[in-house]
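Listed below are the residues making up each chain.
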2 protein chains.
Amino acid sequence: MPDSPRQILDMNAFDARQQPASPAVSRRLRNFGAASVLFYQEPIELVSAEGCWMQAADGRRYLDFYNNVPSVGHSHPAVVAAVREQIGQLNINTRYVVDVVDGYLEALKAQLPALLDNVVLTCSGSEANDLAMRIACKATGGTGFIVTENAYHGNTQYVTEISPSAWKQGSAPPHVITIPAPSAQNYGDDLTAGFAENVKAAIDELAWYGQSPAALICDSIFSSDGVFPDPAGFLKPAVEAIHQAGGLFIADEVQPGFGRTGEAFWGFARHGVIPDLVTMGKPMGNGFPMAAVAAKSADLEQFCAQTGYFNTFGGNPVAAAAGHAVLKVLEQEGLQKNALVVGRYLRARLGDLVQRDPRLGDLRGAGLFLGLDLCQPDAPDAPDAALATDVINRLKTHGVLIGAAGRYGATLKIRPPLCLSQDEADIFCHALDLALG
Amino acid sequence: MPDSPRQILDMNAFDARQQPASPAVSRRLRNFGAASVLFYQEPIELVSAEGCWMQAADGRRYLDFYNNVPSVGHSHPAVVAAVREQIGQLNINTRYVVDVVDGYLEALKAQLPALLDNVVLTCSGSEANDLAMRIACKATGGTGFIVTENAYHGNTQYVTEISPSAWKQGSAPPHVITIPAPSAQNYGDDLTAGFAENVKAAIDELAWYGQSPAALICDSIFSSDGVFPDPAGFLKPAVEAIHQAGGLFIADEVQPGFGRTGEAFWGFARHGVIPDLVTMGKPMGNGFPMAAVAAKSADLEQFCAQTGYFNTFGGNPVAAAAGHAVLKVLEQEGLQKNALVVGRYLRARLGDLVQRDPRLGDLRGAGLFLGLDLCQPDAPDAPDAALATDVINRLKTHGVLIGAAGRYGATLKIRPPLCLSQDEADIFCHALDLALG
């Protein structure tokens, strides 16, 4: 188990101090230096990928249960075709009108609450959250942010301050209050009331520091906290509490958005809330770098009166073409429904394993975003991060790529592409069985 | 003339309060809201682009003298082919080894000072500057930044604080000291000594606030200040001054990098200095969203020990393929040399116009990055921003796209693709003559 939650990010990373580096890995370390984050004790060199499968340089094939960016499937032909066509035509910034860009935004807005009538396109989820935070400050006059204890919202200076899972040293700055993740372990039977109570306590704590809240910001499936989707609706009283205190609710949909939870297009929709700001990224372009903030026009206007905002690459027509292709594929291939159906099947199969193996603890999830706790035998409240690391590396030898999350890094984070078939779900379950055996 | 330098960014923008909006523009405003920044009193709808030329929906063709992103030419076949190939193959994050990515980084590092041996790939210049600032803070223990009075370094919260040209309200936060742009108007005959003196004064001012400097950060051609490249070498004593005070020098090469100045691959090289950190972006992928920080491995290590940094889209193999294609095209087509030769030709032709027209003031530049001041007749120190706006809109009717920069927005910012031919330079000069006539 790591000394602190903050070491989780590196838990499954290659560590040059512990393992000899292959020529390919040495080369990577020479180029990336300390910023190199390679998975696995023996990192994988990849050459291609298609659907749910990735092909390594050594001829091995891996079933991808980790990467939520290529959400409609690696190298999806429709997205590839859209990028190939647009990049040969026009790739320019949004200082000019381009039909492709507005066509995309209309399709995207059709998926969003009508109140959020403006979209700012950015390059990354980090940029989107950075901007959303600033819009929230301007709209509320507040400066404080409330986040969960192991949240991750991105990598800029401002966003890192609200991303406890990225802190290796130090503690929360005074304008950031962390609250326990919405787990049964933390809140017992009445998670809904308990989580809202903690939001209220955080508001009081901000007041103690002489600050008012700008926003409560949540990844609405609490991915890096360990995947906590249930009970659906538990966010509602927390959102009411932040509103009552004059703050906004920012739904960070970078992880749960675009159909992954199966039950809704956005993670927040499962909770019956309408956010004041929605940020999105990762799966938005199936790997093409793009992200966005959806905002109310009045809030955006207030922000833009103070600060000029322009994003050179944000909203370029190639990104728009990729993003529009993703929306069309999601609909045409019924991937949200597939996430629901295959997600339920996968969960049932995993449930069988949980019944049989005392080292498998709580199993949670919505659609194709599941969390499975690894624990000491018959002690579901005693996380076993070493076992998780071991299982992750064994799963690799059995041809499956996966990662961990949560406070102790003991939760398997299960998020394959949304086009996963039942056969592929079976392959995963069989490999997990072997890895545990 | 705008009331303050801070209004420049919007000077040539479409303003719905002033002009009626076409259906296409209304649609854009509905989607983008207040964050919409459309050029021109009558914005342009584009459909395609090739080389230095852009094609509008109404059948008009425009010579592009504004966009420095498609630096090797719009829709360059080699870059398009590289993206098309790689996106059908593999598009994944840097947690796995991918040969294309390390091959690119080796080619990029070959263009950089050997001391800067690590590269962190990001999605945007904003992300690159945000990260470089944080690396500088950690490496120096300082928190202060010194920037020029009308600088622009990006759009995140942290970077906006060092981007005076983006501030519409308020003033510099206490950790940011602004110094006058390196113009003859500001410093007279001894710009070199004067600029360094101002850096020293800024260091003293930081000390007054109880802070030590993290870095002096300069766009090494001072683009948004109004394009100030000369005398080459003037940055050297300023860099010595920041080093003496324990701070770093960050060269923001987002604007001058990748051969644009003709005289060197990077803007800083013209000044005979070796930066501690180099940031780059815009032309790096000829429009594919990508950017980077080049750092010394020890500085990066120190930063990464404090904060986990991972960039999901940064360093994806499609970006690497685009970036590598750009480097190859620059070399194979001799575009740095072309920037030098055609840049000199263009400058000579513009010099003829300056001789003849008393409203054309100072002409400055390096390679294909020129600044031309528009002024009151025979009064080169009296900038005429209204004339600049007028000329920019007239140039559009004569088929040329261009923008303005500088404290008063009275400097034409001339930066066509690097593949510009002498004939195309002539077309621009002829159009400018007509626009002024």
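Residues numbered from 1 in each chain as written. Chains lettered and ligands numbered in written order. Predicted model: local features only at pLDDT ≥ 70, side-chain atom pairs only at ≥ 80, totals over all residues.

## Examining the interface of chain A and chain B
How big an interface is tends to be expressed through the accessible area that disappears when the partners come together.
Alright, step 1. Listed per partner, the contact involves 77 residues of chain A and 76 residues of chain B.
Alright, step 2. Elements supplying a minimum of two residues to the side of chain A that touches chain B: α2 (23-32), β1 (46-50), α3 (77-87), α4 (99-109), β4 (118-122), α5 (125-140), α6 (157-160) and α10 (297-306) of chain A.
Alright, step 3. When grouped by side-chain class, the residues that make up the side of chain A that touches chain B number 38 nonpolar, 25 polar and 14 charged. (Contact = placed C-beta atoms within 7 Å. Helix = DSSP H or I, 4+ residues; strand = E, 2+ residues; numbered from the N terminus. Nonpolar A, V, L, I, M, F, W, Y, C, P; charged D, E, K, R; others polar.)

## Examining helix α3 (residues 77-87) of chain B
Alright, step 1. When α3 of chain B is considered as a whole, its buried residues turn out to be Val79, Val80, Ala82, Val83, Gln86 and Ile87 of chain B. Within α3 of chain B, the buried residues cover an arc of 160 degrees as seen down the axis, which keeps them to one side.
Alright, step 2. For α3 of chain B, the elements touching its buried residues are α3 of chain A together with α4 (99-109) and α11 (317-332) of chain B. (Buried ≥ 20, exposed ≤ 12 C-beta atoms within 10 Å, placed from the backbone. Arc of directions from axis to C-beta.)

## Some words on the sheet that holds strand β3 (residues 61-64) of chain A
All names here are of chain A.
Alright, step 1. Across the sheet, which stays open at both edges, the four strands sit in the order β1-β2-β3-β14 with mixed pairing between neighbours. Each of the sheet's edge strands pairs with one partner strand only, and the pair in question is β1 and β14 (400-401).
Alright, step 2. Two elements, β3 and β14, share two bridges in a ladder whose sense is parallel. Of the residues in β14, the one forming a bridge with Leu63 is Val400. (Pairing = 2+ DSSP bridges.)

## Re the relation of the copies chain A and chain B
Alright, step 1. When chain A is fitted to chain B, the residual RMSD is 0.0 Å, and the transformation amounts to a turn of 180 degrees plus an axial shift of 0.0 Å. What the rotation and shift describe, once combined, is the action of a two-fold rotation axis. Of the C-alpha atoms belonging to chain A, the one lying closest to the rotation axis is found on Arg84 of chain A, 2.6 Å away.
Alright, step 2. Residue by residue, 99% of the interface of chain A is reproduced at the interface of chain B, so both copies engage with the same surface. (Least-squares fit on C-alpha atoms with pLDDT ≥ 70 in both.)

## Looking at the environment of Leu248 of chain B
Residues and elements named next belong to chain B.
Alright, step 1. Structurally, Leu248 can be placed in strand β8 (residues 248-252).
Alright, step 2. Residues Leu248 and Gly365, spaced 117 residues apart in sequence, show a C-alpha to C-alpha distance of 26 Å.
Alright, step 3. Those residues in contact with Leu248, other than ones at most four positions away along the chain, are Ala136, Ala139, Thr140, Ala214, Ala215, Asp276 and Leu277.

## Details of the domain arrangement of chain A
Residues and elements named next belong to chain A.
Alright, step 1. Taken as a whole, chain A is organised into domain 1 (5-72 + 334-436) and domain 2 (77-332).
Alright, step 2. Each of domain 1 and domain 2 has a C-alpha centre, and the two are 25 Å apart.
Alright, step 3. The greatest single-element share of the side of domain 1 that touches domain 2, amounting to five residues, is contributed by helix α12 (residues 335-356).
Alright, step 4. Among the residues making up the side of domain 1 that touches domain 2, the classes are represented as 15 nonpolar, nine polar and six charged. (Domains from an automatic or database assignment.)

## Overview of α11 of chain B
At 3.6 residues per turn, the α-helix brings residues three or four places apart onto the same side.
Residues and elements named next belong to chain B.
Alright, step 1. With 16 residues, α11 should reach 22 Å at 1.5 Å per residue; the first-to-last C-alpha distance of 22 Å fits that figure.
Alright, step 2. Among the 16 residues in α11, 12 count as buried, and that is most of the element.
Alright, step 3. All of the buried residues in α11 are Pro317, Val318, Ala319, Ala320, Ala321, Ala322, Gly323, His324, Ala325, Val326, Val329 and Leu330.
Alright, step 4. Structurally, α11 contributes buried residues whose contacts are with α3, α4 and α12 (335-356).
Alright, step 5. In the segment just after α11, Gly334 is the residue with positive phi, at about 55 degrees. (Expected span 1.5 Å × (residues − 1).)

## Thoughts on the sheet that holds strand β1 (residues 46-50) of chain B
Strand-to-strand pairing in sheets goes through backbone hydrogen bonds, with the strands running parallel or antiparallel.
All names here are of chain B.
Alright, step 1. With respect to topology, four strands assemble into an open sheet ordered β1-β2-β3-β14, the strand pairing being mixed. Looking along the sheet, the strands with just one partner apiece sit at the ends: β1 and β14 (400-401).
Alright, step 2. Relative to strand β3 (residues 61-64), strand β2 (residues 53-56) is paired through three bridges, and the arrangement is antiparallel. Looking at the pairing, Trp53 lines up with Leu63 of β3.

## Considering unusual backbone geometry
Alright, step 1. Here Asp230 of chain A and Pro231 of chain A are connected by a cis peptide whose omega angle stands at -5 degrees.
Alright, step 2. Unlike most non-glycine residues, Val227 of chain A shows phi in positive territory, near 70 degrees.
Alright, step 3. Summarising the element assignment, Val227 of chain A is placed in the loop between β7 (213-219) and α9 (235-244).
Alright, step 4. Its 31 C-beta neighbours within 10 Å are what place Val227 of chain A among the buried residues.
Alright, step 5. With phi around 60 degrees, Asp378 of chain B is a residue other than glycine that occupies positive phi space.
Alright, step 6. Positionally, Asp378 of chain B belongs in the loop between β12 (369-376) and β13 (379-383).

## Things to note about the packing of α2 of chain A against α4 of chain B
Alright, step 1. In the contact formed by α2 of chain A and α4 of chain B, the axes pass within 10 Å of each other and the chain directions differ by 45 degrees. Taken together, α2 of chain A and α4 of chain B sit at an angle that is classed as oblique. Like other packed secondary-structure pairs, α2 of chain A and α4 of chain B cross with a definite hand, here left-handed. Residue-level contacts link Arg27, Arg28 and Asn31 of chain A of α2 of chain A to Asp102, Leu105 and Glu106 of chain B of α4 of chain B. (Axes fitted to C-alpha atoms, helices over the stretch in contact; angles between N-to-C directions. Parallel < 35°, antiparallel > 145°, perpendicular 65-115°, else oblique. Left-handed = near helix turned anticlockwise from the far one by under 90°.)

## A short note on the packing of α3 of chain A against α3 of chain B
Alright, step 1. For the pair α3 of chain A and α3 of chain B, interaxial distance at closest approach is 10 Å and the crossing angle is 180 degrees. On the basis of their axis angle, the class for α3 of chain A and α3 of chain B is roughly antiparallel. Contact with α3 of chain A, carried on its side by Val80, Val83, Arg84 and Ile87 of chain A, involves Val80, Val83, Arg84 and Ile87 of chain B of α3 of chain B and no other residues of that element.
Alright, step 2. When its residues are assigned to classes, the contact of α3 of chain A with α3 of chain B shows six nonpolar, no polar and two charged.

## Details of the environment of Ala238 of chain A
All names here are of chain A.
Alright, step 1. Its location among the elements puts Ala238 in helix α9.
Alright, step 2. Given 27 C-beta atoms within a 10 Å radius, Ala238 is considered buried.
Alright, step 3. Along the sequence, Ala238 and Ala193 sit 45 residues apart, while their C-alpha atoms lie 8.2 Å from each other.
Alright, step 4. Contacts of Ala238, omitting those with residues within four sequence positions, involve Phe195, Ala196, Val199 and Leu216.

## Some words on the pairing of β8 of chain B
As a general feature of sheets, a regular strand has side chains that alternate between the two faces.
Residues and elements named next belong to chain B.
Alright, step 1. Counting buried positions over the five residues of β8 gives five, a clear majority of the element.
Alright, step 2. The side-chain alternation of β8 yields two buried faces, one formed by Leu248, Ile250 and Asp252 and the other by Phe249 and Ala251.
Alright, step 3. Two strands pair when backbone bridges link them, and strand β7 (residues 213-219) and β8 are joined in this way by five bridges, in the parallel orientation. Bridge pairing links Cys218 to Ala251 in β8.
Alright, step 4. What joins β7 to β8 is helix α9 (residues 235-244), and the crossover it makes is right-handed. (Right-handed = clockwise from strand over helix to strand, strands pointing away.)

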